[in-house]
2 protein chains.
Amino acid sequence: MEYRISNKLAALKPSAIREIFKSLSDPSIIAFAAGNPAAESFPVEVLAEITADIFANEPVKALQYGQTEGYPPLREAVNKRLAEKFSIGCSVEKGDKYNDTTLIVSGGNQGIELSCKVLCNEGDIVLCEDPSFIGALNAFRSNGAITKGIPLRDDGIDTEILESTLAADRAGENKIKMLYLIPTFHNPAGITTSLEVRKKIYEIAVKYSLVILEDNPYGELRFAGEEIPTIKSMDTEGLVLYCSSFSKVLSAGMRVGYITGPEKLMQKLVVAKQVEDVHTNQLFQMLCHRFVTERDLDGHIEMIRAIYRRKCGLMMKGLDENLPKSFKFTRPEGGLFVWCTLPDGIDMTEFVARCLKNKLAIVPGTAFCPDENGTSNSVRFNYSTPSDEQIERGCVILGEVAREMLDSQL
Amino acid sequence: MEYRISNKLAALKPSAIREIFKSLSDPSIIAFAAGNPAAESFPVEVLAEITADIFANEPVKALQYGQTEGYPPLREAVNKRLAEKFSIGCSVEKGDKYNDTTLIVSGGNQGIELSCKVLCNEGDIVLCEDPSFIGALNAFRSNGAITKGIPLRDDGIDTEILESTLAADRAGENKIKMLYLIPTFHNPAGITTSLEVRKKIYEIAVKYSLVILEDNPYGELRFAGEEIPTIKSMDTEGLVLYCSSFSKVLSAGMRVGYITGPEKLMQKLVVAKQVEDVHTNQLFQMLCHRFVTERDLDGHIEMIRAIYRRKCGLMMKGLDENLPKSFKFTRPEGGLFVWCTLPDGIDMTEFVARCLKNKLAIVPGTAFCPDENGTSNSVRFNYSTPSDEQIERGCVILGEVAREMLDSQL
């Protein structure tokens with residue numbers, strides 16, 4: 001049998017990153033390549049306690065079909081938190097031009113995938129930061145959309161290139177449907193978009209009637225520096241979708257996220273979600289609701305921030321002590337990732353391969369290119385998954401491989 | 001802001017069924033319109049017990065990211081059960097022509113949606129039984145595929161029409177990519193495809209290199225009659241995808257299903273799932289695994305069958321006693337639904353509206369038309385959701401509305 005695969009899936013090749021992830025099942029390999037939250041960040045006892053209570057008192061609600069939009073008390077709790085923490089949530093009743101509504105999704109990635117499905121025909125374009133999150137890029141491609149990168153600077157994307165790209169598109173094919181951004185603690189680039197650039201991006205989006213998808217999975221994981229307002233909080237016109245999840249603050253395995261945006265768009269996302277998985281699993285929606293409303297989520301997040309502050313500090317110390325000065329890396333104020341740019345003349349693919357040979361898995365920057373033939377001389381490190389000892393040892397390996405390759409250049 | 005919605009989602013209108021479902025939140029309405037498993041079928045105590053054990057002994061596994069393919073022990077348990085109960089699972093090692101593999105999905109509907117995404121470009125055609133399951137039809141449409149119905153007879157689809165449709169397509173545009181079937185306890189039509197028709201369908205599929213998606217969510221809910229082999233069990237050539245779930249045998253709210261098929265196709269489904277929700281929630285995968293391997297799932301299903309045998313019997317009795325003889329309805333041997341065809345001259349939409357006015361919600365047959373402009377003079381009843389008293393009362397209402405409408409014809 002010769003299978004005829006859809007063009008969109010036929011083009012979606014298992015990436016290099018997949019091969020590296022396979023290597024992670026080898027316990028002798030140090031994983032700087034993953035993006036898992038630290039296991040010690042899961043509030044196991046509290047979750048076990050609430051779950052037992054749900055099974056004792058509301059089992060049928062947890063085990064029966066629920067609403068596609070999500071468990072109503074959780075939607076309400078998310079809205080309340082988004083309003084308080086991020087000034088998000090417009091309503092006509094309060095005098096705004098439009099209503100925001102929230103859809104509970106099965107992890108943040110589903111919110112990203114649904115947004116593209118609702119907005120893009122096959123062949124339409126999604127603009128992204130270059131580099132961008134591989135899971136989002138492939139979600140867009142799996143819907144037949146074309147991903148196009150806007151260069152990412154230290155303070156966010158190049159807004160001049162954004163504007164000229166949009167101007168050309170609007171005067172021509174008019175195929176750009178969405179701008180996908182991770183403004184805070186960017187994955188993989190580690191940077192945070194400045195307030196000034198956020199304002200400029202929003203202004204351009206309004207000018208060109210462009211929907212922005214603001215992805216903020218790491219937004220609550222700040223362990224240094226000052227908070228910067230979300231783009232969604234500036235959204236007077238109703239063109240921003242805001243996506244986040246409980247994966248990094250409660251548990252990744254439970255697959256509970258949320259996406260908030262203008263009601264008219266969200267109604268279409270609800271229809272698209274209904275035919276994917278009907279609704280997100282009920283028990284974990286109830287668990288999130290109970291945790292947010294009855295327990296100290298802020299205190300719990302403070303504890304997680306302390307873990308990552310320490311782990312990131314360890315990695316910074318290890319990189320400072322081991323990496324030659326010609327290797328440039330970001331100094332994160334939050335999130336999970338460090339982005340390291342190799343000096344000229346060091347082959348990135350070779351660097352990644354030599355690290356793996358030395359039992360350290362890191363991710364090649366090419367995995368994050370919006371253009372599938374894009375090049376990169378950067379690599380991504382993660383500090384949330386490895387143990388303290390692994391962080392220290394991994395940095396030593398990085399230094400050894402770096403010097404070995406620099407020496408062979410001479 | 002004027003949103004530009006993708007063609008596929010713009011065309012996907014909230015259906016009449018959605019309005020009817022909204023009415024179900026009114027507790028005074030009797031719900032013959034739902035498809036929920038009976039609440040008393042959930043093994044609450046055992047699930048609570050296993051969950052407590054998982055939180056005590058393997059919490060990190062339950063709360064951390066898992067593999068897209070699914071929790072390996074559950075995949076293995078599903079494969080074992082499929083082999084034993086349904087003779088499903090080819091392997092080259094055993095001498096078959098190809099390997100089947102299993103992907104755990106977030107409810108059966110995700111398996112349906114992913115199959116279409118992997119096989120269909122926008123504008124490609126999925127053949128379906130006419131009528132067919134609304135959740136599947138909309139999943140196909142949400143990917144831009146066109147649904148085309150093959151008339152359903154008492155023993156399955158009309159295989160002559162199937163063959164002539166395929167012959168015309170293959171000689172022309174060659175756009176038919178998949179045949180979607182619910183051969184056992186069909187939703188909504190209530191019928192089961194005969195062994196003879198199953199064999200004929202498979203033969204035609206081989207002749208025209210057509211992928212079959214066999215959806216079997218109700219397969220284990222037989223309470224009368226003889227088992228009929230699945231189409232997948234006949235699949236020597238590797239063209240059948242087989243989809244089912246734990247929703248009707250353990251819990252619908254936990255969103256755990258599975259899809260099994262030829263490895264080459266399944267690899268693409270894994271990639272497509274990865275960018276939708278990364279993986280299915282871990283805890284419930286572990287729960288399903290423990291239930292299947294350590295507890296008496298067969299005994300539990302026997303208990304569920306007894307519930308539905310009784311409830312279906314109650315509905316048959318109520319319909320026999322109340323409905324005029326000119327109303328024809330199926331007598332299910334399993335599953336959750338009864339399909340009732342109204343006599344000539346009775347307007348189906350009016351019948352549904354009058355029932356709702358009398359506090360009984362039923363589903364109009366038009367909701368299940370593969371052709372969006374299709375017509376129907378049938379309606380669907382469900383007996384798993386309403387209580388015994390509601391089944392009896394609902395049948396009385398049906399009889400009253402039926403006689404009222406017949407009388408007004410005179």
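If you're wondering where the values come from, they're calculated on a predicted model, not measured in any experiment.

To continue, consider the overall build of chain A. On a plain count of helices and strands, chain A comes out with 14 helices and 14 strands. Expected size for 410 residues packed as a compact globule is a radius of gyration near 22 Å; at 21 Å, chain A falls within 12% of this value. Along the three orthogonal principal directions, the C-alpha set of chain A runs to about 70 × 60 × 55 Å. Expressed as a percentage of its 410 residues, the buried residues of chain A come to 55%. Of the contacts formed within chain A by residues at least 6 apart in sequence, a portion of 76% connects residues at least 24 apart.

Residues and elements named next belong to chain A. Taken in spatial order, the four strands make up an open sheet running β10-β11-β14-β13, and their pairing is antiparallel. Each having just a single partner strand, β10 (328–329) and β13 (363–364) make up the two edges of the open sheet. Across two bridges, the pairing between β10 and strand β11 (residues 337–341) is antiparallel. Note on β11: the bridge partner recorded for F329 is C340.

Time to look at the packing of helix α3 (residues 44–57) of chain A against helix α3 (residues 44–57) of chain B. Helix-helix packing is described using two parameters, namely the angle between the two axes and the distance between the axes. Running from amino to carboxyl end, α3 of chain A crosses α3 of chain B at an angle of 175 degrees, the nearest separation of the two axes being 10 Å. In terms of orientation, α3 of chain A lies roughly antiparallel with respect to α3 of chain B. Note on element contacts: α3 of chain B touches α3 of chain A through V44, L47, A48, T51, A52 and F55 of chain B, opposite V44, L47, A48, T51, A52 and F55 of chain A. Of the residues in the contact of α3 of chain A with α3 of chain B, the class split is 10 nonpolar, two polar and no charged.

Right, let's get into the relation of the copies chain A and chain B. Relative to chain B, chain A is turned by 180 degrees and slid 0.0 Å along the rotation axis, the superposed coordinates differing by an RMSD of 0.0 Å. Taken together, the rotation and translation relating the two chain copies correspond to the operation of a two-fold axis. Same-surface contact between copies: 100% of interface residues of chain A are shared with the interface of chain B.

Between chain A and chain B, the residue contacts involve 64 residues of the former and 64 residues of the latter. The leading source of residues in the side of chain A that touches chain B is helix α10 (residues 263–277) of chain A, at eight residues. Grouping the amino acids of the side of chain A that touches chain B by side-chain chemistry returns 32 nonpolar, 20 polar and 12 charged.

What follows covers the sheet that holds strand β11 (residues 337–341) of chain B. Residues and elements named next belong to chain B. Read across the open sheet, the four strands follow the order β10-β11-β14-β13; overall the sheet is antiparallel. Two strands close off the open sheet at either side, each with one partner strand: β10 (328–329) and β13 (363–364). Looking at chain direction, β11 and strand β14 (residues 378–382) are connected through five bridges and run antiparallel. For W339, the partnering residue across the bridge sits in β14 and is R380.

Here we come to unusual backbone geometry. Going from N187 of chain A to P188 of chain A, the amide bond is cis rather than trans, its omega being 10 degrees. As for its position among the elements, P188 of chain A is in the loop between β6 (176–181) and α9 (195–207). Its identity as a non-glycine residue notwithstanding, N174 of chain B has a phi of 55 degrees, on the positive side. Turning to its location among the elements, N174 of chain B is positioned in the loop between α8 (159–171) and β6 (176–181). Overall, the presence of 12 C-beta atoms within 10 Å leaves N174 of chain B in the exposed class. Backbone geometry at R255 of chain B places phi at a positive 55 degrees, although glycine is not the residue there. With respect to the helices and strands, R255 of chain B occurs in the loop between β8 (240–245) and β9 (257–262).

So, on to the nonpolar core. In terms of nonpolar packing, the biggest core is built from 241 residues, with V126, I212 and I362 of chain A together with V126, I212 and I362 of chain B touching the most fellow members. Beyond its immediate stretch of four places on either side in the chain, I362 of chain B contacts F32, A33, V352, C355, V379, R380 and F381 of chain B.

Once that is clear, we can look at the domain arrangement of chain A. Residue and element names in this part refer to chain A. Annotation of chain A at the domain level lists domain 1 (7–42 + 299–409) and domain 2 (58–296). Here the C-alpha centre of domain 2 lies 26 Å away from the C-alpha centre of domain 1. Looking at the side of domain 1 that touches domain 2, the elements with two or more residues in it are α1 (7–10), α12 (297–322) and β11. Considering every element that reaches the side of domain 1 that touches domain 2, the biggest residue donor is α12, with eight residues. Per-class residue counts for the side of domain 1 that touches domain 2 are 20 nonpolar, 11 polar and six charged.

A word on the pairing of β8 of chain B. Residues and elements named next belong to chain B. Of all six residues in β8, six are buried, a share of seventy percent or more. Taken together, the four bridges between strand β7 (residues 211–215) and β8 define a ladder with parallel strand orientation. Bridging across to β8, L213 finds its partner in L241. Both β8 and β9 contribute to a ladder of four bridges, which runs antiparallel. Directly across from S245, in β9, lies its bridge partner G257.

Now for the environment of D235 of chain B. Mapping D235 of chain B onto the fold places it in the loop between β7 and β8. Sequence spacing of D235 of chain B and I307 of chain B is 72 residues, and the spatial spacing of their C-alpha atoms is 33 Å.

Residues and elements named next belong to chain A. Relative orientation of the contacting elements α3 and helix α11 (residues 282–294) amounts to 115 degrees, with a least axis distance of 10 Å. Between α3 and α11 the crossing geometry is right-handed. Between α3, through V46, L47, I50, T51 and I54, and α11, the contact on the second element is made entirely by L283, M286, L287, R290 and F291. Counted by class, the contact of α3 with α11 contains eight nonpolar, one polar and one charged residues.

Residue and element names in this part refer to chain B. With 22 residues, helix α14 (residues 388–409) extends 32 Å between its outermost C-alpha atoms, agreeing within 8% with the 32 Å of an ideal straight helix rising 1.5 Å per residue. Within the span of α14, buried status applies to I391, G394, C395, I397, L398, V401 and A402. The arc that holds the buried residues of α14, viewed along the axis, is 165 degrees, so those residues lie on one side. Exposed side of α14, more than 90 degrees from the buried face: E389, E404, D407 and S408 are the residues found there. The inward-facing, buried residues of α14 contact β1 (30–31), α12 (297–322), α13 (348–357) and β12 (360–361).

Residues and elements named next belong to chain A. Looking at the secondary structure, you find G111 in helix α6 (residues 108–119). Residue class for G111 comes out buried when judged on the 29 C-beta atoms lying within 10 Å of it. The sequence separation of G111 and S245 amounts to 134 residues, and the corresponding C-alpha distance is 9.5 Å.

Under the 1.5 Å per step criterion, the end-to-end length of α12 of chain A is 37 Å for 26 residues, consistent within 8% with the ideal 38 Å. In this structure, the buried side of α12 of chain A is in contact with β10, β11, β14 (378–382) and α14 (388–409) of chain A.

Turning our attention to the confidence of the model for chain A. Confidence in the prediction for chain A averages 95 pLDDT; 99% of positions are at 70 or higher. Scoring of the predicted complex yields 0.97 for pTM and 0.96 for ipTM.

Criteria and thresholds
Residues numbered from 1 in each chain as written. Chains lettered and ligands numbered in written order. Predicted model: local features only at pLDDT ≥ 70, side-chain atom pairs only at ≥ 80, totals over all residues. Helix = DSSP H or I, 4+ residues; strand = E, 2+ residues; numbered from the N terminus. Rg over C-alpha atoms; globule rule 2.2 N^0.38 Å. Buried ≥ 20, exposed ≤ 12 C-beta atoms within 10 Å, placed from the backbone. Contact = placed C-beta atoms within 7 Å. Pairing = 2+ DSSP bridges. Axes fitted to C-alpha atoms, helices over the stretch in contact; angles between N-to-C directions. Parallel < 35°, antiparallel > 145°, perpendicular 65-115°, else oblique. Nonpolar A, V, L, I, M, F, W, Y, C, P; charged D, E, K, R; others polar. Least-squares fit on C-alpha atoms with pLDDT ≥ 70 in both. Core = buried A, V, L, I, M, F, W, Y, C linked by C-beta atoms within 7 Å. Domains from an automatic or database assignment. Left-handed = near helix turned anticlockwise from the far one by under 90°. Expected span 1.5 Å × (residues − 1). Arc of directions from axis to C-beta. pLDDT = per-residue confidence, 0-100.

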